[in-house]
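# What the coordinates show
Residue strings, one per chain:
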Amino acid sequence: MKKILLFLFLTCGSLAAQDREQINWLSWEQLEAAFNEKPKKTLVFFHADWCAYCKKIDRVVFTKPEVIKKINAEYYAVRMDAETTDTIRFDGQTFTNRQALTKRNGVHDLALLLGSRSEKSFSLPVTVFFDEQFALKQRVFEYYTSSELLKILEQ
């Protein structure tokens, strides 16, 4: 009997988790196809497995229903591990992680291109916002709350 109850509890719990709304994260290739079909504002979130604030943004901010609703309705969203070694093709160019050849936690060229500041070394978290023409609007280089993110998304 205990096994049956445990099975029912786990099954119902996983079904409930699947019903929760989530941000529609796109790959770079999916973004390019969607953007070519219908231009829209874009949010790019760079993270890494070791980044505590990145995990907190994922866990606390990107799970808020009002944030999910706003992003899904008005933005394309891309979530990228800044240390990935994947080759990414976007906008007719190919991007790789050249630092991975010589550094332990090398940063991907695309993350460096979009998420760097001239006066400081690359650091996470980085969230980049683009307008409908894919022109840079804003970059945020720190943790933010859901209310702070919603204010940025309104601009």
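Data block above holds the structure.
Because the structure is predicted, anything quoted here is derived from the model rather than measured.

## Digging into the overall build of the chain
Helix and strand counts for the chain come out as 6 helices and 7 strands. Listed N to C, the secondary structure of the chain is α-β-α-β-α-α-β-β-β-α-β-β-α in terms of helices and strands. Counting only residues that meet the buried cut, the chain has 38% of its 155 residues in that class. Within the chain, contacts between residues at least 6 apart in sequence are counted, and of these 65% link residues at least 24 apart. Total accessible area on the chain is roughly 9,700 Å²; 53% of this is exposed by carbon and sulfur atoms.

## Focus: the pairing of strand β7 (residues 136-140)
Judged from the 4 bridges that link them, strand β6 (residues 126-130) and β7 form a sheet pairing that is antiparallel. The partner of Val128 across the bridge, within β7, is Arg139.

## Things to note about the nonpolar core
Nonpolar side chains in soluble globular proteins tend to be buried together. Trp28, Leu43, Phe46, Phe62, Ile71, Leu124 and Leu149 are the most contacted members of the largest nonpolar core, which has 42 residues in total. Per-element accounting of this core gives the leading share, 5 residues, to strand β3 (residues 75-81). Aside from chain neighbours lying at most four places away, what touches Phe62 is Ile23, Trp25, Phe45, Ile57, Val67, Ile68, Ile71, Tyr144 and Leu149.

## Section: the packing of aromatic side chains
Enumeration according to the criterion identifies 8 aromatic pairs in this entry. For the ring pair Trp25 and Phe62, a centre distance of 5.2 Å and an interplane angle of 70° mean the geometry is edge-to-face. In this pair, Trp25 is assigned in strand β1 (residues 25-26) and Phe62 in the loop between α3 (52-61) and α4 (65-74), connecting sequence segments 37 residues apart. The partly exposed category is assigned to Trp25, whose relative accessible area is 28%. Taking relative accessible area as the criterion, Phe62 reaches 6% and is therefore assigned buried. Joined through ring pairs, the aromatic side chains of Trp28, Phe35, Tyr76, Phe90, Phe130 and Phe134 make up one cluster. Positioned above the aromatic ring of Tyr143 is the side chain of Lys56, whose terminal nitrogen or guanidinium carbon lies 4.9 Å from the ring centre.

## Looking at unusual backbone geometry
Here the amide bond leading from Leu124 into Pro125 is cis, since omega sits at 0°, within 30 degrees of zero. Tracing the backbone shows Pro125 in the loop between α5 (109-115) and β6. Of note in the backbone geometry, Asp91 takes a positive phi value of approximately 55° without being a glycine. Note on placement: Asp91 falls in the loop between β4 (88-90) and β5 (93-95). Its identity is not glycine, yet Phe134 carries a phi of approximately 60°, on the positive side. Judged by relative accessible area, Phe134 falls into the partly exposed class, the value being 22%.

## Focus on the pattern of salt bridges
Per the stated rule, a full pass over the model turns up 5 salt bridges. Ionic pairing is found between Lys70 and Glu74, a salt bridge with its closest N-O pair at 2.8 Å. Of this pair, Lys70 and Glu74 both sit in helix α4, 4 residues apart, which is roughly one turn of the helix. The class for Lys70 is buried, based on a relative accessible area of 13%. For Glu74, a relative accessible area of 30% gives the class partly exposed. Glu154 serves as the salt-bridge partner of Lys70, at 2.6 Å between the closest nitrogen and oxygen. Taken together, the residues span a long stretch of sequence, with Lys70 in helix α4 and Glu154 in helix α6 (residues 146-154) at a distance of 84 residues. Bridged by salt links that share partners, the residues Lys41, Lys70, Glu74 and Glu154 form one connected network.

What counts and how
- Residues numbered from 1 in each chain as written.
- Predicted model: local features only at pLDDT ≥ 70, side-chain atom pairs only at ≥ 80, totals over all residues.
- Heavy atoms only, no water.
- Helix = DSSP H or I, 4+ residues; strand = E, 2+ residues; numbered from the N terminus.
- Buried < 20%, exposed > 50% of the residue type's maximum accessible area, 1.4 Å probe, protein only.
- Contact = heavy atoms within 4.5 Å.
- Areas by Shrake-Rupley, 256 points an atom, 1.4 Å probe, with all protein chains shown as cover.
- Pairing = 2+ DSSP bridges.
- Core = buried A, V, L, I, M, F, W, Y, C linked by side-chain atoms within 4.5 Å.
- Phe/Tyr/Trp six-rings, centres within 6.5 Å; stacked < 30°, edge-to-face > 60°.
- Lys NZ or Arg CZ within 6 Å of the ring centre and 35° of its normal.
- Salt bridge = Lys/Arg side-chain N within 4 Å of Asp/Glu carboxyl O.

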